[in-house]
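Structure assessment
What follows is each chain in one-letter form.
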Amino acid sequence: MTRTLARTLGISCWLGSLLLIGAMPQALAVGTGGTGLRSAYVQGAVAPGGGIVVVGTRFNAAHATVTVNGKSGLKAQAVKAGVVAQIAGAITLDGTRGVANTVNVSRVLLGRLSFVGTGGTGLKAAGLYLVPQADAVLVGFHATTDLAVGDTVDVYGYVDVSSLTVQATRMERVAAVAETELRGPITSISASMLVVDGVSIDYTRATLSGFDGEPQVGDNVVVKGSVSANGLVASSVTATNGSEPPDGSEAEVEGSVLSIVSPGVFYVGSVAIDATRATVSGGTLADIVVGSHIQVHGAIVDGVLVADSVEIDDSSDSTDDASDDGHDDGHDDGHDDRPGKGPD
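This part is about the overall build of the protein. Each helix and strand counted, the protein has 2 helices and 24 strands in total. By residue count, 51% of the 344 residues in the protein fall in the buried class. Taking contacts inside the protein between residues at least 6 apart in sequence as the whole, the part at least 24 apart equals 65%. If you sum the accessible surface of the protein, you get close to 14800 Å²; carbon and sulfur atoms cover 52% of it.

Shown next, in the form of structure tokens:
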């Protein structure tokens, strides 16, 4: 595997520069002998309970460059529980503690709810179905039954483009905004339309910025605009691509599979992964499909995460809610959440 894979689909892997060991706080240095750290990239939802804990590693981000939804220069306190964070830095040999050099957080969606099913099921905004995970952080409301059509929600999580579903790790009801915002990599593009997170976007009249030339498949973007019957009509599309991951970094990534290149080679968000030689638990490589929620451990080699282990999470169905509301989502699993298709 080389950078050719990442370039083929145009997917850019975000990573900041590596942490200098000399910047390690004294509290972490104690007991390591000054040699117990390794460079690392970690991506996943921030656990509740205080601090920045991602995939089991507690990070000291006191001196990190923190960016949240494009706003940089923030303090570590700006990284809230439930958001999906990308962290570059160094971790201890046992993986329990780390020091962050850069922390990057991006929402999936900011926009108005267009549909709320019976009992708060079947949430939909900007063409995406919103399914809070069992441990999702909910802010501004206690349960989905408190939500109504027209409420504006700020959503973080993992996107299953095959079912147009967001497995939400954090949802916050916020004040109304002038435009809907969608963030993610471009997966398809034509002269007039592009696709982000499975949503079709008309960008014929949009202001384009931040691109090196024309928009391409794989560019990470922020789209702002208005909801239409077919998706979004963009007023602006801004590239937010970051740098490639440094070779040799250990990597731990949690998320949903965005696309499959070949058996064992796929993308989780914007991270290219080669799992052809990995040990797989919870299933086999053949069970990994678009939308699968997985946790991957490995190392960065030529811009690709070469996995040594993959854990498949089969505890949830990304296209179903927690109750049967009489709307079939097309999956025969006893839980229905899609509006407009009638009961089973």
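In terms of nonpolar packing, the biggest core is built from 31 residues, with Leu130, Met171, Leu182, Ile201 and Val223 touching the most fellow members. For this core, the elements supplying multiple residues, two or more each, are strand E10 (128–139), strand E11 (152–160), strand E12 (165–174), strand E13 (180–189), strand E14 (193–196), strand E15 (199–202), strand E17 (220–228) and strand E18 (231–239). When residues of this core are assigned to their parent elements, the largest contribution, 4 residues, is made by E18. Ignoring anything within four residues of it in the chain, the contact list for valine 223 reads Thr180, Glu181, Leu182, Val196, Ile201, Leu232, Ala234, Ser236 and Val237.

What follows covers the pattern of salt bridges. Counted under the stated rule, the structure contains 6 salt bridges. Across the pair glutamate 250 and arginine 38 runs a salt bridge whose closest N-O atoms are separated by 1.9 Å. Here glutamate 250, found in strand E19 (residues 250–262), pairs with arginine 38, found in strand E1 (residues 37–45); they are 212 residues apart in sequence, far enough to count as distant. We classify glutamate 250 as buried; its relative accessible area is 15%. As a salt-bridge pair, glutamate 172 and arginine 170 come within 3.3 Å of each other at their nearest N and O atoms.

Moving on to the pairing of strand E20 (residues 265–268). A two-sided burial pattern is seen for E20, the buried positions comprising Val265 and Tyr267 on one face and Phe266 and Val268 on the other. Alignment of E19 against E20, held across 4 bridges, turns out to be antiparallel. When the sheet's bridge partners are listed, serine 262 is paired in E20 with valine 265. Between the antiparallel neighbours E19 and E20 lie 2 residues, among them glycine 264 with a positive phi of about 85°. Pairing geometry for E20 and strand E21 (residues 271–274), over 4 bridges, is antiparallel. Bridge assignment links phenylalanine 266 to a residue of E21, and that residue is isoleucine 273.

Let us look at the confidence of the model for the protein. Taken as a whole, the protein shows an average pLDDT of 83; of its residues, 79% reach a score of 70 or greater. The weakest mean pLDDT in the protein belongs to helix H1 (residues 3–9) at 40; the strongest belongs to strand E8 (residues 109–112) at 98. In the model, residues 1–35 has pLDDT below 50 throughout and makes 93 contacts with residues more than four positions away in sequence or in other chains. Contacts for the low-pLDDT stretch residues 316–344, under 50 throughout, to residues beyond four places or in other chains number 67 contacts.

As a further point, take the side chain of threonine 57. Structurally, the position occupied by threonine 57 is in strand E3 (residues 57–60). Threonine 57 sits in the buried class, given a relative accessible area of 5%. Looking at threonine 57, its side chain comes within polar contact range of the main-chain oxygen of glycine 95, at 2.5 Å. In contact with threonine 57, other than residues within four places in its own chain, are Ile52, Ile91, Gly95, Thr96, Arg97 and Gly98.

We now examine unusual backbone geometry. Although it is not a glycine, leucine 164 sits at a positive phi angle of roughly 55°. Mapped onto the secondary structure, leucine 164 falls in the loop between E11 and E12. On the basis of relative accessible area, leucine 164 is assigned to the partly exposed category, the value being 28%. Positive phi, close to 50°, is recorded for aspartate 302, a residue that is not glycine. Residue placement: aspartate 302 occurs in the loop between strand E23 (293–301) and strand E24 (304–313).

On to the environment of valine 196. Checked against the element boundaries, valine 196 lands in strand E14. Separated by 23 residues in the primary sequence, valine 196 and aspartate 219 have C-alpha atoms spaced 9.8 Å apart. When near neighbours in sequence (up to four residues on either side) are disregarded, valine 196 contacts Leu182, Arg183, Gly184, Pro185, Ile186, Ile201, Val221 and Val223.

Moving on to the pairing of E14. Alignment of E13 against E14, held across 3 bridges, turns out to be antiparallel. Bridge pairing in E14 links serine 188 to valine 195. Pairing of E14 with E15, which is carried by 4 bridges, proceeds in the antiparallel orientation. Directly across from leucine 194, in E15, lies its bridge partner isoleucine 201. Between E14 and E15, which pair antiparallel one after the other, the connecting turn spans 2 residues, and aspartate 197 there sits at a positive phi close to 55°.

About the thresholds
Residues numbered from 1 in each chain as written. Predicted model: local features only at pLDDT ≥ 70, side-chain atom pairs only at ≥ 80, totals over all residues. Heavy atoms only, no water. Helix = DSSP H or I, 4+ residues; strand = E, 2+ residues; numbered from the N terminus. Buried < 20%, exposed > 50% of the residue type's maximum accessible area, 1.4 Å probe, protein only. Contact = heavy atoms within 4.5 Å. Areas by Shrake-Rupley, 256 points an atom, 1.4 Å probe, with all protein chains shown as cover. Core = buried A, V, L, I, M, F, W, Y, C linked by side-chain atoms within 4.5 Å. Salt bridge = Lys/Arg side-chain N within 4 Å of Asp/Glu carboxyl O. Pairing = 2+ DSSP bridges. pLDDT = per-residue confidence, 0-100. Polar contact = N/O pair within 3.5 Å; in protein donor to acceptor, adjacent residues only side chain to side chain.

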